[in-house]
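Analysis of the macromolecular model
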Amino acid sequence: MNLCDIDVIRTVLAKHGFHFSKSLGQNFLTDVSVPQRIAAMSGAAEAGGVVEVGPGMGCLTAELCRVAGRVVAVELDRALLPVLDETLAEFDNFEVVQGDVLALDLAALCKEKFGDGRVVACANLPYYITTPAITALLDSRAFDQITVMVQKEVAQRICAAPGTAAYSAFSIYVQYRAAAEILFDVPADCFVPRPKVDSAVLRLTPLAQPAVETQDEKLFFSLVRAAFNMRRKTLVNALGPVLGDRLGKDGIAALIESVGLDVRVRGERLSLADYARLADAAAAKLAQR
């Protein structure tokens, strides 16, 4: 059964009375080469264990089952469970867990299903949960590799360099925890229903240690969020809500200059290393008060 064939998709879904949910961001692939490439590049064959988020009707799941030892899929929509029972009936290495990936303890799930074995994550993520889902996958620290299909613009934002328009607080969050790489683009016409934007497949390789060292991770991310909340303002002004009460505007300016940055700089131009230096200097300054 070709689960990317539009006629097969319509026949199977009609049989089960399934209707696409806009609220769940459901778009199913119609180009079989896409799930094949994702499965081949996901690290599933090497790891053996796979957690898939949002299997849909199973086109990527089937390809993962062909290369991995065991695949556990997390599906929120109960209406898709009987569909998956039919479309993946030939695979004895597949299991579906009904639930919300944002509410699950992913580390505990991996421990339960795979023991101490290596596990990778794969997903065709609905656009509306992309950021929280990637955050949950990274924060779980349960995966050797995370391969996700997301809106192309989001993938570009995650991989963006300092000083570019796409660079964001989420760019820094992801790059702090993982090496990020766009593998290939997926045009909108590869889906049904056809979304309004193109997608891209993104590979995240979690780092054993954060990309930069910082004495106070909480402060590091507080500075990052403050800087991007007012990204058009200079860093001196943007950091006011975080440091202003304790350092004052002049103190913030002196802090920025103390780590070798121009006092007129905007936060969108700082690298992870710049933010780490700034956070460490801020922590030292605050400890003196």
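Up top is the structure.
All values reported here derive from a predicted model rather than from experimental measurement.

1. A look at the overall build of the chain
For the chain, the helix and strand inventory stands at 13 helices and nine strands. Burial analysis of the chain (289 residues in total) assigns 51% to the buried set. With an accessible surface of roughly 13300 Å², the chain has 49% of that area assigned to carbon and sulfur atoms. The averaged location of the 34 negative side-chain charges in the chain is 8 Å from the averaged location of its 30 positive side-chain charges.

2. So, the pattern of salt bridges
Taken as a whole and judged by the stated rule, the model has 16 salt bridges. Across the salt bridge formed by Arg118 and Asp144, the nearest N and O atoms sit 2.6 Å from each other. Of the two residues, Arg118 sits in the loop between helix H6 (106-114) and strand E5 (119-124) while Asp144 sits in the loop between helix H7 (130-139) and strand E6 (145-151), which places them 26 residues apart along the sequence. Judged by relative accessible area, which is 33%, Asp144 ranks as partly exposed.

3. Some words on H7
Quick reminder: α-helices carry 3.6 residues per turn. Residues three or four places apart thus point the same way. Listed in full, the buried residues belonging to H7 are Thr130, Ala133, Ile134, Leu137 and Leu138. Here the buried residues of H7 occupy an arc of 130° about the axis, which is enough to place them on one side. Looking at the residues trailing H7, positive phi occurs at Arg141, about 55°.

4. Description of the nonpolar core
Ranked by internal contacts, the top residues of the largest apolar core, which has 67 residues, are Ile134 and Phe220. Leave out the neighbours within four places in its chain, and Phe220 touches Ile172, Tyr176, Val212, Thr214, Leu272, Tyr275, Ala276 and Ala279. Grouped together as the second largest cluster of nonpolar side chains are 39 residues, Cys59, Leu64, Ala73 and Val83 included.

5. Some words on the pairing of strand E3 (residues 70-75)
Consecutive residues of a regular strand have side chains that alternate between opposite faces of the sheet. Within E3, five of the six residues are buried, which leaves it mostly tucked inside the rest of the structure. Sheet topology note: the strand E2 (residues 49-53)/E3 ladder contains five bridges and is parallel. Counted as the bridge partner of Val50 is Val71 from E3. Each parallel crossover has a hand, and the one from E2 via helix H4 (residues 59-67) to E3 is right-handed. Pairing analysis gives five bridges linking E3 to strand E4 (residues 94-98), with the strands arranged parallel. By the bridge assignment for E4, Val71 is matched with Phe94. Regarding topology, helix H5 (residues 81-87) serves as the crossover connection from E3 to the parallel E4, and that connection is right-handed.

6. Structural notes on the side chain of Asn93
Tracing the chain through its elements places Asn93 in the loop between H5 and E4. Within the structure, the side chain of Asn93 is placed 3.1 Å from the backbone oxygen of Ala68, a separation counted as a polar contact. Every residue in contact with Asn93, bar those within four places of it in the chain, is listed here: Cys65, Ala68, Gly69, Arg70 and Val71.

7. Remarks on the packing of aromatic side chains
For any pair of aromatic rings, the description rests on two quantities: the centre-to-centre distance and the angle between the ring planes. Enumeration over the complete set of coordinates arrives at seven aromatic pairs. Considering the side-chain rings of Tyr176 and Phe221, the 5.1 Å spacing of their centres and the 80° angle between planes classify their relative orientation as edge-to-face. Of the two residues, Tyr176 is situated in helix H9 (residues 169-177) and Phe221 in helix H10 (residues 217-229); the sequence distance between them amounts to 45 residues. Each member of the pair, Tyr176 together with Phe221, is buried. Both rings, one in Phe220 and one in Phe221, keep their centres 4.9 Å apart while their planes meet at 90°; by these two values the pair is edge-to-face. On the basis of relative accessible area, Phe220 is assigned to the buried category, the value being 0%. What links up through ring pairs into an aromatic cluster is the set Phe170, Tyr173, Tyr176, Phe220, Phe221 and Tyr275. Positioned over the ring face of Phe114 is Arg70, at 6.0 Å from the centre of the ring.

Rules and cut-offs
- Each chain has its residues counted from 1, following the order in which its sequence is written.
- Side-chain atom pairs in this predicted model are given and counted only at pLDDT of 80 or more, local residue features only at pLDDT of at least 70, and totals for whole chains, interfaces and linings cover all residues.
- Just so you know, side-chain values use all the structure's heavy atoms and leave hydrogens and water out.
- Strands are runs of DSSP state E lasting at least two residues, helices are runs of H or I lasting at least four, and both sets are numbered from the N terminus onward.
- Think of it in three bands: residues with accessible area under 20% of the maximum for their type are buried, residues over 50% are exposed, and the middle band is partly exposed, with areas taken using a 1.4 Å probe on protein chains only.
- Accessible areas in this description were obtained via Shrake-Rupley with a 1.4 Å probe; residue shielding takes into account the shown protein chains only.
- Counted charges follow a simple rule, with Lys and Arg positive, Asp and Glu negative, and His plus the chain ends left uncounted.
- Throughout, a charge is located at the NZ atom of Lys, the CZ atom of Arg, the CG atom of Asp or the CD atom of Glu.
- One speaks of a salt bridge when a side-chain nitrogen belonging to Lys or Arg is within 4 Å of a carboxyl oxygen belonging to Asp or Glu.
- Think of the arc as the fan of directions from the helix axis to the C-beta atoms.
- Among buried residues, the Ala, Val, Leu, Ile, Met, Phe, Trp, Tyr and Cys ones that are joined through side-chain atoms within 4.5 Å form a nonpolar core.
- Should any heavy atoms of two residues lie within 4.5 Å, those residues are counted as being in contact.
- Two strands pair if DSSP finds at least two bridges between them.
- Crossover handedness is defined by viewing with both strands directed away from the observer: a clockwise path from the first strand over the helix to the second marks the crossover as right-handed.
- Whenever two N or O atoms come within 3.5 Å, that pair is a polar contact, provided that in protein one can donate a hydrogen and the other can accept it, and provided that, for residues adjacent in sequence, both atoms are side-chain atoms.
- Side-chain rings of Phe, Tyr and Trp, where Trp is taken by its six-membered ring, are said to pair if the distance between their centres is within 6.5 Å; with planes under 30 degrees apart they count as stacked, over 60 as edge-to-face, and otherwise as tilted.
- Think of it as a cone above the ring: NZ of Lys or CZ of Arg counts as a charge over the ring if it is within 6 Å of the ring centre and within 35 degrees of the ring normal.

Worth remembering: the numbers are spatial, not functional.
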